[in-house]
Amino acid sequence: MSSALDRLKNLTAQISSYELERKRNLKELEELYQELGIQTKVESFDDLFHFKAINLSGFSLSDEDLGSVKEGKYAQIIAIIYDKNANVKNKNISLGYFGRAEKVSVALKKSIITFVLSWRFEKSFRTLEHYHNLRLAVREQVNE
């Protein structure tokens, strides 16, 4: 009994810590949205999550060399929108252009990378909620 209760406590603590981190992440993401000037391309903060993906050019996002500069590349935040009715289904939109990657200051590079990773973190939660709600809808429809 105690071990089941301990597992439940651990799970509750983990879920709680994810929610706290999500709130902190969302706050930081909105600050970076302003700081990086992305509001000039996307007027509403919530509209950021209509994009299918947000990528980064100029810096690595891989585990092995996170933040390393890709020589000769330009630092740019790129959003991808999917339009099923268009001839070309995926469209890239520049959300921020910051010049040659090797010339970007360390502080700006950190903000750019943090923005992209924070967006992906929040987007993953929203995707999880979306599929959770779809599963609930299917259960309700099947039971009718």
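Position labels on residues start from 1 in each chain and follow its written sequence. With the structure being a predicted model, the display of local features is reserved for residues of pLDDT at least 70 and the display and counting of side-chain atom pairs for 80 or more, all residues being used for whole-chain, interface and lining totals. Heavy atoms from the whole structure form the basis of all side-chain values; hydrogens and water molecules are not counted.

(A) Molecular detail of helix 1 (residues 2–35). Here helix 1 contains 34 residues, and its C-alpha end-to-end distance of 49 Å stays within 8% of the 50 Å for a straight helix at 1.5 Å per residue. Partly exposed residues are those whose accessible area sits between 20% and 50% of the maximum for their type, while under 20% is buried and over 50% is exposed, using a 1.4 Å probe and protein chains only. Each helix is a run of H or I in the DSSP string that is no shorter than four residues. Each strand is a run of E no shorter than two, and both are numbered from the N terminus. Along helix 1, the residues classified as buried are Arg22, Asn25, Leu29, Leu32 and Tyr33. Backbone geometry just after helix 1 places Gly37 at a positive phi near 75°. For a helix, the expected span equals 1.5 Å multiplied by the number of residues minus one.

(B) How the structure looks around the environment of Lys41. With respect to the secondary-structure elements, Lys41 resides in the loop between helix 1 and strand 1 (53–57). The residues contacting Lys41, other than those within four sequence positions of it, are Ser94 and Leu95. Between two residues, a contact is recorded if the distance between any of their heavy atoms is within 4.5 Å.

(C) Representation of the environment of Glu122 in the model. Take Glu122: it is sitting in helix 2 (residues 106–143). Residue classification places Glu122 among the buried residues on the basis of a relative accessible area of 1%. Note: C-alpha distance between Glu122 and Arg22 (100 residues apart in sequence) is 6.9 Å. Beyond its immediate sequence surroundings of up to four residues, Glu122 is in contact with Arg22, Asn25, Leu26, Leu29 and Phe49. N or O atoms within 3.5 Å of each other form a polar contact, as long as, within protein, one can give a hydrogen and the other can take it, and as long as residues adjacent in sequence are counted only when both atoms are side-chain atoms. A distance of 2.8 Å separates a polar atom in the side chain of Glu122 from a polar atom in the side chain of Arg126.

(D) Layout of the sheet that holds strand 2 (residues 74–82). A pair of strands is treated as paired once DSSP finds two or more bridges between them. On the basis of which strands lie adjacent, the open sheet formed by three strands has the order 1-2-3 and antiparallel pairing. Here the strands that pair on one side only, and so sit at the sheet edges, are strand 1 and strand 3 (90–100). Sheet twist, expressed as the average angle between the axes of neighbouring strands with direction ignored, equals 20°. Note on definitions: angles span 0 to 180 degrees between N-to-C directions of axes, and those axes are lines fitted to C-alpha atoms, for helices only across the stretch in contact.

(E) Fine view of the side chain of Lys123. You can see Lys123 is positioned in helix 2. Under the convention used here, Asp and Glu are negative, Lys and Arg are positive, and both His and the chain ends fall outside the count. Salt bridge, as used here: a side-chain nitrogen of Lys or Arg that lies within 4 Å of a carboxyl oxygen of Asp or Glu. Buried and unpaired, Lys123 has no salt bridge, with Glu122 as the nearest side chain of opposite charge at 9.7 Å.

(F) Region of the structure containing the packing of aromatic side chains. For Phe, Tyr and Trp, where Trp contributes only its six-membered ring, two rings pair if their centres lie within 6.5 Å, and the inter-plane angle classes them as stacked under 30 degrees, edge-to-face over 60, or tilted in between. Taken as a whole, this structure holds five aromatic pairs when the rule is applied. With centroids separated by 5.8 Å and ring planes inclined at 85°, the aromatic side chains of Phe45 and Phe49 adopt a geometry described as edge-to-face. By relative accessible area, which is 8% here, Phe49 ends up buried. Ring geometry for Tyr74 against Tyr97: centres 5.9 Å apart, planes inclined by 35°, an arrangement best described as tilted. Taken together, the residues span a long stretch of sequence, with Tyr74 in strand 2 and Tyr97 in strand 3 at a distance of 23 residues. Look at Tyr74 and you get partly exposed, because its relative accessible area is 37%. Lying across the ring of Phe49, Arg126 places its NZ or CZ 3.8 Å from the centre. Consider the ring centre and the ring normal. A charge sits over the ring if Lys NZ or Arg CZ is within 6 Å of that centre and within 35 degrees of that normal.

(G) Region of the structure containing the pattern of salt bridges. This structure, assessed with the given rule, holds seven salt bridges. Salt-bridge contacts for Arg24 lead to Glu21; the nearest nitrogen and oxygen are separated by 3.2 Å. In this pair, Arg24 and Glu21 both sit in helix 1, three residues apart, roughly one turn of the helix. For Glu21, a relative accessible area of 34% corresponds to the partly exposed category. Of the charged contacts in the structure, one is a salt bridge between Asp46 and Arg126, with a shortest N-O distance of 4.0 Å. Here the residue Asp46 occupies a position in the loop between helix 1 and strand 1, and Arg126 occupies one in helix 2, the gap between them amounting to 80 residues.

(H) Structural view of the nonpolar core. Take the buried residues of types Ala, Val, Leu, Ile, Met, Phe, Trp, Tyr and Cys, join any two whose side-chain atoms come within 4.5 Å, and each joined set is a nonpolar core. Among the nonpolar cores identified, the biggest contains 25 residues, and Leu48, Ile54, Ile77, Leu95 and Phe115 are the most heavily contacted of them. Listed by contribution, the elements that provide at least two residues to this core are helix 1, strand 1, strand 2, strand 3 and helix 2. Residue contributions to this core peak at five residues, all from helix 2. When near neighbours in sequence (up to four residues on either side) are disregarded, Ile54 contacts Leu48, Ile77, Ile78, Ala79, Leu95, Phe115, Val116, Trp119 and Arg120.

Shape descriptors only; they carry no functional weight alone.
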